[in-house]
Amino acid sequence: MATMITMADVLFPYIRQNLIRYVKDHWKNAELIKDIDSLRMQAVEDLKNGLNVVQIPDIDEEEDRLQEAIITNVFDQMDADRKTTALKQLQGHIWREAYHSGKIEGHVYEDVMPALKSWKTAGKHVYIYSSGSVEAQKLLFGATTYGNLLQFIDGHFDTNIGPKKESTSYTKIANECGYQAHQILFLTDIPEESQAAKNAGMKTTLVSREGNKSLCEEVVKEFGEVKSFDQISLL
């Protein structure tokens, strides 16, 4: 069985190891300033919703204090496995630097490229919907250990379209892709996402990979399960 190097193995640790350096190196950069503004607005919204999160001071506050708040906020979000758009946007920008410098590559399972090629040849359209930003998705699939896979992907969606566990997000995606929901097969390893897609009218299948959380019998019966993309039949 092939061993998969996941985001938890490489990408997330890279953020933890390089966040402080990245913030200091890009401190006056307009893109980072925009990322900080997004984190600040998210923190304010979280506070309104009763979440105890580190607030980020205004940009004109003391530099050391502001940087400390940013780093603490980001690490706290990562510890809580949050998938806010503000967090994913900053992570994507840090990964972009790493991809361009050759420090990291995108790792995909060995059955992914053959499946994408086969689906493309058959005239199927493939879209990615991830909590990671669109930019981060393109970086990963554009620089994988199997080469550039972007040629097989027709479009990308992130949480700007909506949360992944809300059915309205999938309705919007279907509309933007120009399909009826029932014409779309949604693949995920998270049952709550599968339920949201199903509620929107999509077909769904759970993908169970080595290292993923085990799926209970009831969930598998509800949504189906494959362990590899070569087990997926597209009519």
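Structure shown above.
Keep in mind the model is a prediction, meaning the values are calculated, not measured.

Draft legend 1. Structural view of the pairing of strand 3 (residues 185–188). Burial along strand 3 is one-sided: the residues F186 and T188 are buried and none of L185 and L187 is. With respect to chirality, the unit in which strand 3 leads through helix 8 (residues 191–199) into the neighbouring parallel strand 4 (residues 203–207) is right-handed.

Draft legend 2. Seen up close, helix 8. Listed as buried for helix 8 are E193, S194, A196 and A197. For helix 8, the angular spread of the buried residues around the axis is 160°, confining them to a single face. Residues of helix 8 that are buried make contact with helix 7 (167–177), strand 3, strand 4 and helix 9 (217–223). G201 lies just past helix 8 and shows a positive phi near 105°.

Draft legend 3. Looking closely at the sheet that holds strand 5 (residues 225–226). Reading across from one edge, 3-4-5 is the order of the three strands in this open sheet, with parallel pairing throughout. Each edge of the sheet is formed by a strand with only one pairing partner; in this case those strands are strand 3 and strand 5. Note that strand 4 and strand 5 share two bridges and pair parallel. Bridge pairing in strand 5 places L206 opposite E225.

Draft legend 4. Highlighting the pattern of salt bridges. This model, assessed by the stated rule, comprises 13 salt bridges. The salt bridge involving E135 is made with R96; its shortest N-O contact spans 2.7 Å. Separated by 39 residues along the polypeptide, E135 in helix 6 (residues 134–142) and R96 in helix 4 (residues 85–101) bring together distant segments of the chain. Note on E135: relative accessible area 25%, which makes it partly exposed. Where E193 meets K164, a salt bridge forms, and the shortest distance between an N and an O atom there is 3.3 Å. You can see E193 sitting in helix 8 and its partner K164 sitting in the loop between strand 2 (155–157) and helix 7, a full 29 residues away along the chain. Here the salt bridges share partners, and the residues they tie into one network are R21, D25 and E97.

Draft legend 5. Examining the packing of helix 2 (residues 30–48) against helix 3 (residues 63–79) more closely. Remark: helix 2 packs on helix 3, axes separated minimally by 11 Å, with the N-to-C direction vectors making an angle of 65°. Two packed elements cross with a definite hand, and for helix 2 against helix 3 that hand is left-handed. Within the contact between the two elements, helix 2 uses I36, L39, R40 and A43 and helix 3 uses L66, I70, N73, V74 and Q77. Its residues placed into classes, the contact of helix 2 with helix 3 shows six nonpolar, two polar and one charged.

What counts and what doesn't
- Positions within a chain are numbered from 1, following the residues in the order the chain's sequence is written.
- Two thresholds apply to this predicted model, a pLDDT of at least 70 for residue-level local features and 80 or more for giving and counting side-chain atom pairs, whereas whole-chain, interface and lining totals are computed over all residues.
- Think of the side-chain values as coming from all heavy atoms in the structure, minus any hydrogens and water.
- The cut-offs for exposure are 20% and 50% of the maximum accessible area for each residue type, with area from a 1.4 Å probe on protein chains only; residues under the lower value are buried, those over the upper are exposed, and the others partly exposed.
- Helical segments are the DSSP runs of H or I of at least four residues, strand segments are the runs of E of at least two, and each set is numbered from the N terminus.
- Throughout, right-handed denotes a crossover for which the path from the first strand over the helix to the second runs clockwise when the strands point away from the viewer.
- Along the arc lie the directions from the helix axis toward the C-beta atoms.
- Pairs of residues are marked as contacts when any of their non-hydrogen atoms sit within 4.5 Å.
- In this analysis, strands are considered paired if DSSP registers two or more bridges between them.
- A side-chain nitrogen of Lys or Arg and a carboxyl oxygen of Asp or Glu constitute a salt bridge if their distance falls within 4 Å.
- Axes here refer to lines fitted to C-alpha atoms; in helices the fit is confined to the stretch in contact. Angles between the N-to-C directions go from 0 to 180 degrees.
- For any helix crossing, the convention is left-handed if the near helix is rotated counterclockwise from the far helix by under a right angle, and right-handed if that rotation is clockwise.
- Amino acids outside the nonpolar list (Ala, Val, Leu, Ile, Met, Phe, Trp, Tyr, Cys, Pro) and the charged list (Asp, Glu, Lys, Arg) are all regarded as polar, and Gly is one of them.

On their own, these measurements won't tell you what the molecule is for.
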